[in-house]
Amino acid sequence: MTRQAPNILVVQADQMTARALSLYGHALVRTPHLERLAERGTVFENAYCNFPLCVPSRMSMLAGRYANAIAMWDNAIEMPASVPTLAHYLRDRDYHTVLCGKMHFIGPDQLHGFNERITTDIYPSNFAWTPDWIAGERYRPTGINMRAVVDAGVCVRGMQIDYDEEVEFAGVQKLHDLARFNRDRPFLLRVSFTHPHSPFITTRRYWDLYDHDAVDMPEVPAVDVERMDVMSRWLYHAHGGDLHDVTDAHVRNARHVPAHLRTSIRHRRPAAGVQVVDDILGWQRREYRERGVAPGAHQPVPRPRVLEINRPVAHAVAQRERVTTRKQRR
């Protein structure tokens, strides 16, 4: 490992589509920290999520392989500990690798190559969500339903808020610790948040940032269940789409916070939930600049590398480089 190996910070959000970001043209959502990162770095114009479910998508990203190549199909399937991940590769290059926040690992291996994990997960690591394909499309092991949309709006506190604040604190504290006690090795710190994933609730501070009447409604209208393709129909029933009467008012409330509406095929455009992630990113970038240290030296890193990952995918790398499928922002 050379003395020039960069420290790497990965910030990951959950279900934050690129179309919800101002740097991709959304007229309402304000994300100044992401904008500044994009101006300094490289914005991916054509990058796609490899799977439309949490666990397979995350494992595909971590392993650098298609979900079908590692037999990842649902949210209760275990990725074998023998599958090499980004953390394994970087540890082999003498990196100290740290996981902070949500990763939704299933099974006993809760590290998958990371040297350490400094927070617990927010979702179960057992096999309780295993689907029963024989039971049919109405089998719902997760218990999820459309109350996340019906009850969308302002709250004082919520589990998602509690969790992300803990992840934010632990991630920043780890940056301090790495700067003080890990000065002779490069590091990878992956900080993964659950926002703007459902439930679609936020505090008054973020709700009031946006004019409720200005929140855009879905571009694609709801599709009748009888006209849905097989996959969409299974998802409709698996997520309890027929258990609640979802009105336009509910939809607008959900899109005012973060919107991922599963009652039909819709474009996701979160508002307040994206702002939460942007604020967190701004704080962590500031701490990273102030605390980053060059591996093998006791000097500040003049310009650490920051990698921002969203799902489906909006990537920005704070280091200009020429790549065939990327569009450089000048």
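Whatever comes next refers back to the structure up there.
> Just to check I follow, could you spell out the side chain of Thr194 for this structure?
Locating Thr194 in the fold gives a position in the loop between β6 (187–192) and β7 (201–202). On the basis of relative accessible area, Thr194 is assigned to the buried category, the value being 0%. Within the structure, the side chain of Thr194 is placed 2.9 Å from the side chain of Gln160, a separation counted as a polar contact. Contacts of Thr194, omitting those with residues within four sequence positions, involve Asp14, Lys102, Ile122, Gln160, Tyr163 and Asp164.

> For this particular structure, what's the right way to read the packing of aromatic side chains?
Aromatic ring pairs are reported here in terms of the distance separating the ring centres and the angle at which the planes meet. The full count for this structure, using the stated rule, is two aromatic pairs. Centre to centre, the rings of Tyr123 and Trp129 are 5.5 Å apart; their planes meet at 65°, and the pair counts as edge-to-face. Classification of Tyr123 as buried rests on a relative accessible area of 18%. Ring geometry for Trp133 versus Trp234: centroids 5.5 Å apart, planes at 45°, classification tilted. Placement of the pair is Trp133 in the loop between β4 (116–117) and α4 (147–150) and Trp234 in helix α7 (residues 230–238), with a sequence separation of 101 residues. Classification of Trp133 by relative accessible area gives exposed; the value is 57%. Here Trp234 falls in the partly exposed class, since its relative accessible area comes to 24%.

> Explain the pattern of salt bridges here, please?
Counted by the stated rule, this structure contains 14 salt bridges. With its nearest N and O atoms 3.1 Å apart, the salt bridge here joins Arg233 to Glu137. With Arg233 in helix α7 and Glu137 in the loop between β4 and α4, this residue pair connects regions lying 96 residues apart in the sequence. Given the relative accessible area of 25%, Arg233 is considered partly exposed. Several salt bridges converge on common partners, so that one network encompasses Asp14, Arg58 and Lys102.

What counts and what doesn't
Residues numbered from 1 in each chain as written. Predicted model: local features only at pLDDT ≥ 70, side-chain atom pairs only at ≥ 80, totals over all residues. Heavy atoms only, no water. Helix = DSSP H or I, 4+ residues; strand = E, 2+ residues; numbered from the N terminus. Buried < 20%, exposed > 50% of the residue type's maximum accessible area, 1.4 Å probe, protein only. Polar contact = N/O pair within 3.5 Å; in protein donor to acceptor, adjacent residues only side chain to side chain. Contact = heavy atoms within 4.5 Å. Phe/Tyr/Trp six-rings, centres within 6.5 Å; stacked < 30°, edge-to-face > 60°. Salt bridge = Lys/Arg side-chain N within 4 Å of Asp/Glu carboxyl O.

Note that all results are geometric; they support no functional claim without further evidence.
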